[in-house]
Amino acid sequence: MVLHAEENVQRFVRLGAAGALGAVTLLWLGWLNPVLFSVGTVALILSLVPLAAGLRLRGGALLGLLFAVLWIAARLGVIETVDQRLIVNQPNTTALAAMITIGALSGGLLGPSRLTRAHRSGVQGQALDAPGSVPAEEAACSSAGESDRSVCRVLEAHREWVRAWAGREEPWPAFDSHLREVLRMLLGATRVRCFRVDAAGKLVALNGSQNAAPDDWNEHALLRHVVTSGRPYHAMSGALAPMVRQLAAESRPPLVWALPLSYEDSRIGLVTAETFDDSIVTEDRLAMAAQIIETLWRHVHEAEALRVARLTDCVTGVLNRQEFLSILPETVEQCYRANEPVVMFVLCIEGIRGLDDAGDWQMRDAVIEAVGQAVHQRLRKEDIVGRFGDDRFVVLLRRLDVALAELITHKLMQAVECAVSSLAGGVPLQLRGGLAGSGLAKVSARELLVAALAAAQAARKAGLAIVVHEAQVELEEVSV
């Protein structure tokens, strides 16, 4: 806030200086026309006020004296003959006293402390009334040291990145580029690589690129030590153990820094750098950078977990019905634009309500979870699956014809049956499936879904495992 008050004072000074320059020019041009001298006199008095602001009483009085001398000198320049009576007279004395008084009052009433208080109240009003007001941290960044300014730039860059991401897609490839830029700003780090640590403890390139050679990095002895121990590595650290130095010397490529990242006692990430632009990076700077990187990573980790929770069913981990239906039409249209056939598969589990009626809710949840995991594990990454209810799952199979999809779904149902057979106890469970394919026609997503649901109902009525919807049969309206 004080910084902005100082800028306000500088604005007053610039305004007063420009006005004074114009006033003096008009005064000296008064010999051409007396009106110019009168206008210059008014401009000189007006410019005295902002210039005297911040000079206090004595400074303002001295500035008023200087302006009075300039005015008298200009007035004498307009008169052809000069003598003592023209210098010491009532008009000059009045002007001298007036300008000294105006300067003193301006310096006393418009001092720095008053400007600061006035500006503070104005900024507080802006914070309450104006949604576009400048955040307080921007003022702090402007007056901070170089290290603090780099932190401010990082935080601002992260805010912009989060605003651009907005939780619309998986963040990790974009976050990889963001982290590289952050480490360049904080440490001048180059050849930075970022990894996620999966459930098995293996490193997975954050950007999903195979160019990072994750297999080679998983064989990196130093990184295995860093991930396992959870202790960061810095090549220039004086506290580095001899055995760790030996691991670093034997590992390729050589690293200057490796930072493991944890979340709730689990390792979730790793950041490495091969060089720093600065010849010496202090331990304090590394510690600061490590805290910032860990904070940013935890933020994105939690935001991504929240995004996934909003999109998926909490029991099975597959898409919920709302999200499945929101992406289904566009996904089908993309397949048609690429001349790819699609098949809709509906899987129903008969007997789930029997577990509910018997009060076996934990067993029911275990069965639903097993079904969801079995379906998800057997599908390709490009296929999408959603849960439509306690006893119903819907799958969109891409680039498949109905004949091949029927073989695949038979095997899928066998895997699901094996997964749930030991969980249901004495309650009989029966799997039913319905298939509907687009073939060479561009059938709408809704028509495919309705046809697959109708086929699943037909399988239940006929006591069959799977019924394939025939294209020539009129679609039966089934509520989704």
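Residues numbered from 1 in each chain as written. Predicted model: local features only at pLDDT ≥ 70, side-chain atom pairs only at ≥ 80, totals over all residues. Heavy atoms only, no water.

(A) The overall build of the protein, seen in detail. In terms of regular secondary structure, the protein is built from 18 helices and eleven strands. A burial count over the protein gives 40% of its 480 residues as buried. In the protein, the proportion of contacts linking residues at least 24 apart, taken out of those at least 6 apart, comes to 68%. Surface accessibility of the protein: about 26,500 Å² in total, with carbon and sulfur atoms responsible for 56%. (Helix = DSSP H or I, 4+ residues; strand = E, 2+ residues; numbered from the N terminus. Buried < 20%, exposed > 50% of the residue type's maximum accessible area, 1.4 Å probe, protein only. Contact = heavy atoms within 4.5 Å. Areas by Shrake-Rupley, 256 points an atom, 1.4 Å probe, with all protein chains shown as cover.)

(B) View of helix α16 (residues 361-378). Over its 18 residues, α16 runs 26 Å from end to end, which matches the ideal 26 Å to within 8%, given 1.5 Å per residue. Contacts made by the buried residues of α16 are with β7 (342-350), α15 (352-357), β8 (384-389), β9 (392-398) and α17 (402-420). (Expected span 1.5 Å × (residues − 1).)

(C) Spotlight on the pairing of strand β5 (residues 266-276). Taking burial as the measure, the eleven residues of β5 include eight buried ones, the bulk of the element. Note: strand β1 (residues 189-197) against β5, seven bridges, orientation antiparallel. Bridged to Arg193 within β5 is Thr272. The pairing of strand β4 (residues 257-263) with β5 spans seven bridges and is antiparallel. Counted as the bridge partner of Pro260 is Leu270 from β5. What sits between the antiparallel neighbours β4 and β5 is a turn of two residues, in which Glu264 has the positive phi angle 50 degrees. (Pairing = 2+ DSSP bridges.)

(D) Focus on the nonpolar core. The biggest cluster of nonpolar side chains holds 50 residues, and the ones touching the most others in it are Phe175, Leu187, Tyr233, Trp257, Val271, Phe276 and Trp297. Elements with a minimum of two residues in this core: α8 (146-165), α9 (172-187), β1, α11 (221-229), α12 (242-250), β4, β5 and α13 (283-311). Ignoring anything within four residues of it in the chain, the contact list for Leu187 reads Trp257, Phe276, Asp277, Asp278, Val281, Arg285, Leu286 and Ala289. Judged by nonpolar contacts, the second largest core, of 27 residues, contains Leu347, Ile352, Ala370 and Leu397. (Core = buried A, V, L, I, M, F, W, Y, C linked by side-chain atoms within 4.5 Å.)

(E) Seen up close, the confidence of the model for the protein. A residue-level look at the protein finds 78% of positions with pLDDT of 70 or above and a mean pLDDT of 76. Residue range residues 1-5 is modelled with pLDDT below 50. Its contacts to residues more than four positions away, or to other chains, number 13 contacts. Contacts from residues 471-480, a stretch scored under 50 in pLDDT, to residues over four places away or in other chains number 17 contacts. (pLDDT = per-residue confidence, 0-100.)

(F) How the structure looks around the sheet that holds strand β2 (residues 203-205). Pairing in this open sheet of five strands is antiparallel, and the strands run β2-β1-β5-β4-β3 from one edge to the other. Two strands in the sheet have a free side with no partner beyond their single neighbour: β2 and β3 (233-234). Against the sheet, α13 engages β1, β3, β4 and β5, with an angle of about 40 degrees to β4. (Axes fitted to C-alpha atoms, helices over the stretch in contact; angles between N-to-C directions.)

(G) Here's a closer look at the pattern of salt bridges. Counted by the stated rule, this structure contains 15 salt bridges. Here Glu156 and Arg159 are joined by a salt bridge, their closest N and O atoms 2.3 Å apart. Of this pair, Glu156 and Arg159 both sit in helix α8, three residues apart, roughly one helical turn. For Arg159, a relative accessible area of 32% corresponds to the partly exposed category. The closest approach of N and O atoms between Glu350 and Arg432, which form a salt bridge, is 3.0 Å. Remark: Arg432 occurs in strand β10 (residues 430-437) and Glu350 occurs in strand β7; sequence separation between them is 82 residues. (Salt bridge = Lys/Arg side-chain N within 4 Å of Asp/Glu carboxyl O.)

(H) Just the packing of aromatic side chains, in detail. As enumerated under the stated definition, the model contains six aromatic pairs in all. Judged by centre distance (6.0 Å) and plane angle (70 degrees), the ring pair of Trp172 and Phe175 falls under edge-to-face. In this pair, Trp172 and Phe175 are both assigned in helix α9, three residues apart and thus about one turn of the helix distant. Assigned by exposure class, Trp172 and Phe175 land together as buried. The structure contains a cluster of three or more aromatic residues connected by ring pairs, namely Trp161, Trp165, Trp172, Phe175 and Trp297. (Phe/Tyr/Trp six-rings, centres within 6.5 Å; stacked < 30°, edge-to-face > 60°.)

(I) Region of interest: unusual backbone geometry. Across the junction of Arg252 and Pro253, the peptide omega takes the value 0 degrees, indicating a cis bond. Among the secondary structure elements, Pro253 is positioned in the loop between α12 and β4. For Arg191, which is not glycine, the phi torsion reads 50 degrees and is therefore positive. Residue placement: Arg191 occurs in strand β1. With a phi close to 60 degrees, Asn339 is a non-glycine residue in the positive phi region. Within the secondary structure, Asn339 sits in the loop between α14 (321-337) and β7.

(J) Structural view of α13. Here α13 is 29 residues long and its end C-alpha atoms lie 42 Å apart, about the 42 Å a rise of 1.5 Å per residue gives. The complete set of buried residues in α13 reads Leu286, Ala289, Ala290, Ile292, Ile293, Leu296, Trp297, Val300, Glu304 and Arg307.

(K) Quick peek at the side chain of Arg364. Along the chain, the position of Arg364 falls in helix α16. Here Asp365 takes part through its side chain, which lies 2.4 Å from a polar atom of the side chain of Arg364. Setting aside anything within four residues of it in sequence, one finds Arg364 in contact with Ile352, Leu355, Asp356, Arg387 and Asp390. (Polar contact = N/O pair within 3.5 Å; in protein donor to acceptor, adjacent residues only side chain to side chain.)

(L) Quick peek at a nonpolar patch on the surface. A cluster of nonpolar side chains, namely Leu62, Leu65 and Val69, defines an oily patch on the protein surface of about 260 Å² accessible area. Its place among the elements puts Leu65 in helix α3 (residues 56-78). With relative accessibility at 34%, the residue Leu65 sits in the partly exposed group. (Patch = residues over 30% accessible without salt bridge, like charges linked within 9 Å, V, L, I, M, F, W, Y side chains within 5 Å.)

(M) View of the environment of Tyr336. Tracing the backbone shows Tyr336 in helix α14. Through-space distance from the C-alpha of Tyr336 to that of Ser438 is 9.4 Å; in sequence the pair is 102 residues apart. Among residues more than four places away in sequence, those in contact with Tyr336 are Val342, Ser438, Ala441, Lys442, Val443 and Leu448.

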